[in-house]
Amino acid sequence: MTHDESSGAILSPLSERLDILASAAHPQLRAACRKITVGDEFALTPAELRPMDRAIASVRRASGAARIVAKALLAELGGPPAVELPRSSASRAPQWPSGFVGSLAHDDEFAVAAVTRAPSIRGVGIDVEPPLPLPGDLLDVIATANEREQLKGDLVSARLLFCMKEAVYKATYPIDGMFLEHHDVEIHLTSSVALTNSGHSLRIYAMARPRLIALALLTS
Ligand SMILES: CC(C)(COP(=O)(O)OP(=O)(O)OC[C@H]1O[C@@H](n2cnc3c(N)ncnc32)[C@H](O)[C@@H]1OP(=O)(O)O)[C@@H](O)C(=O)NCCC(=O)NCCS
């Protein structure tokens, strides 16, 4: 693992694989990750901290790490200087600078971000999870009957399906404000397409190793 002095992002094989996944999704989509590090919580500006000033340090740290990654990507894409990524007070979705869309996620170890300024991309969602099986009792909650048939009992893939659905929600909520339950999104694993009850069709891009990561893309 090496440290990129210019962006503050930690470069790792995971970041490189994520960048390749994002480029495959769209040539103007950028994504990267950072191992969450003690002190990342201090990257949050007062406006970014506001709704979570009482959150425990690990939560603030993960949010700070995701914003370090996102701001590095915004800078690479020619974004405005000294940008802030506060949360919407109603939905908690991050607010992106004009002309950009993106998404943030974090698990216990890694923070990830995806950002683009491609006019044809209306929404982006990203999610990350450790590569562990989904607890069996959650399978019916997360997966529809069609999805369970495709999964054939593979609970690591079921956790990736969970990631995909969270990414879909993050991509569509900022557009239509519609809350989605897990069964409101159906993923076709062979065609990598997600359909929502709210009428959207998204492309899904995912990796299973070294981390479960899903990107959802809503294009015009
Ligand atoms: C948004 C949500 C999916 C985030 O999941 P999580 O496991 O808590 O956390 P993640 O690390 O994956 O993502 C957190 C990031 O999501 C982003 N986020 C939060 N609410 C969001 C929303 N409404 N729209 C878009 N992005 C949102 C934020 O950037 C947040 O990071 P931050 O707090 O550091 O700013 C979840 O909290 C939620 O609201 N779920 C309800 C809807 C749902 O899950 N439906 C089933 C799937 S269709």
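Being a predicted model, the structure only gives us computed values, none of them experimental.

Engineer: Describe the overall build of the protein chain, listing the residues and the values that go with them.
Structural biologist: Per the secondary structure count, the protein chain includes six helices and ten strands. Carbon and sulfur atoms form 55% of the exposed surface of the protein chain, whose accessible area is close to 10,500 Å². Between the centroid of the 22 positive side chains of the protein chain and the centroid of its 25 negative side chains there is a distance of 3 Å.

Engineer: Describe the pattern of salt bridges, naming the residues involved and giving the relevant values.
Structural biologist: Should their charged atoms come close, side chains of opposite charge can pair. The tally for this structure, following the rule as stated, stands at twelve salt bridges. With a closest N to O distance of 2.9 Å, Arg211 and Asp107 form a salt bridge. Placement of the pair is Arg211 in the loop between strand E9 (201–207) and strand E10 (212–219) and Asp107 in the loop between strand E4 (101–106) and strand E5 (110–116), with a sequence separation of 104 residues. Classification of Arg211 by relative accessible area gives buried; the value is 9%. Given the relative accessible area of 11%, Asp107 is considered buried. A salt bridge links Lys170 to Asp127, with the nearest nitrogen and oxygen atoms 3.5 Å apart. With Lys170 in helix H6 (residues 155–176) and Asp127 in strand E6 (residues 121–129), this pair connects stretches of sequence that are 43 residues apart.

Engineer: An account of the packing of aromatic side chains is needed here, citing residue identities and associated values.
Structural biologist: Any pair of aromatic rings gets described here by the distance separating the centres and the angle formed by the planes. Applying the stated criterion to the full structure yields two aromatic pairs. Each ring, one from Tyr169 and one from Tyr173, has its centre 5.5 Å from the other, and the planes form 50°; the classification is tilted. Residue Tyr169 and its partner Tyr173 are located together in helix H6, separated by four residues, close to a single helical turn. The class for Tyr173 is partly exposed, based on a relative accessible area of 21%. When the ring of Tyr169 is compared with that of Phe179, the centres are 5.8 Å apart and the planes differ by 70°; the resulting orientation is edge-to-face. On the criterion of sequence distance, the pair formed by Tyr169 in helix H6 and Phe179 in the loop between H6 and strand E7 (185–188) is long-range, its members being ten residues apart. The class for Phe179 is exposed, based on a relative accessible area of 57%. Members of the aromatic cluster, joined through ring pairs, are Tyr169, Tyr173 and Phe179. Just above the ring of Phe110 sits the side chain of Lys35; from NZ or CZ to the centre is 5.7 Å.

Engineer: Go over the site of the ligand, please, and point to the residues and values.
Structural biologist: The ligand sits among 22 residues. The nearest are Ser63, Arg67, Asp127, Lys170 and Leu180. Within the contact set of the ligand, an oxygen atom lies 2.4 Å away from a side-chain nitrogen or oxygen of Ser63. His106 is positioned with one of its backbone polar atoms (N or O) 2.9 Å from an oxygen atom of the ligand. When the free accessible area of the ligand is taken as 910 Å², the share hidden by the protein chains comes to 80%. A molecule is said to occupy a pocket when more than half its atoms come within 2 Å of that pocket's grid points, and by this definition the ligand occupies the largest pocket. Of the residues forming the shell around the ligand, the biggest block, six residues, is contributed by H6. Grouping the constituent residues of the shell around the ligand by class yields ten nonpolar, four polar and eight charged.

Engineer: Give me the lowdown on the sheet that holds E9, citing residues and values where you can.
Structural biologist: Taking strand neighbours across the sheet as the criterion, the five strands line up as E6-E10-E9-E8-E7 in an open arrangement whose pairing is antiparallel. Both outer strands of the open sheet, E6 and E7, are each paired with one neighbouring strand and no more. Between one strand axis and the next, the sheet turns through 25° on average, direction left out of account. Pairing geometry for strand E8 (residues 193–196) and E9, over three bridges, is antiparallel. Paired with Val193 across the bridge in E9 is Arg203. Helix H1 (residues 13–25) contacts E6, E9 and E10 of the sheet and is inclined by roughly 155° relative to E9. Against the sheet, H6 engages E6, E7, E8, E9 and E10, with an angle of about 145° to E6.

Criteria and thresholds
Residues numbered from 1 in each chain as written. Predicted model: local features only at pLDDT ≥ 70, side-chain atom pairs only at ≥ 80, totals over all residues. Heavy atoms only, no water. Helix = DSSP H or I, 4+ residues; strand = E, 2+ residues; numbered from the N terminus. Areas by Shrake-Rupley, 256 points an atom, 1.4 Å probe, with all protein chains shown as cover. Lys, Arg positive; Asp, Glu negative; His and termini not counted. Charge placed at Lys NZ, Arg CZ, Asp CG, Glu CD. Salt bridge = Lys/Arg side-chain N within 4 Å of Asp/Glu carboxyl O. Buried < 20%, exposed > 50% of the residue type's maximum accessible area, 1.4 Å probe, protein only. Phe/Tyr/Trp six-rings, centres within 6.5 Å; stacked < 30°, edge-to-face > 60°. Lys NZ or Arg CZ within 6 Å of the ring centre and 35° of its normal. Near = heavy atom within 4 Å. Polar contact = N/O pair within 3.5 Å; in protein donor to acceptor, adjacent residues only side chain to side chain. 1 Å grid on protein atoms, 1.4 Å probe; cavity = no way out; pocket = protein on both sides within 12 Å on 5 of 7 lines; lining within 4 Å. Sits in = over half its atoms within 2 Å of the grid points. Nonpolar A, V, L, I, M, F, W, Y, C, P; charged D, E, K, R; others polar. Pairing = 2+ DSSP bridges. Axes fitted to C-alpha atoms, helices over the stretch in contact; angles between N-to-C directions. Contact = heavy atoms within 4.5 Å.

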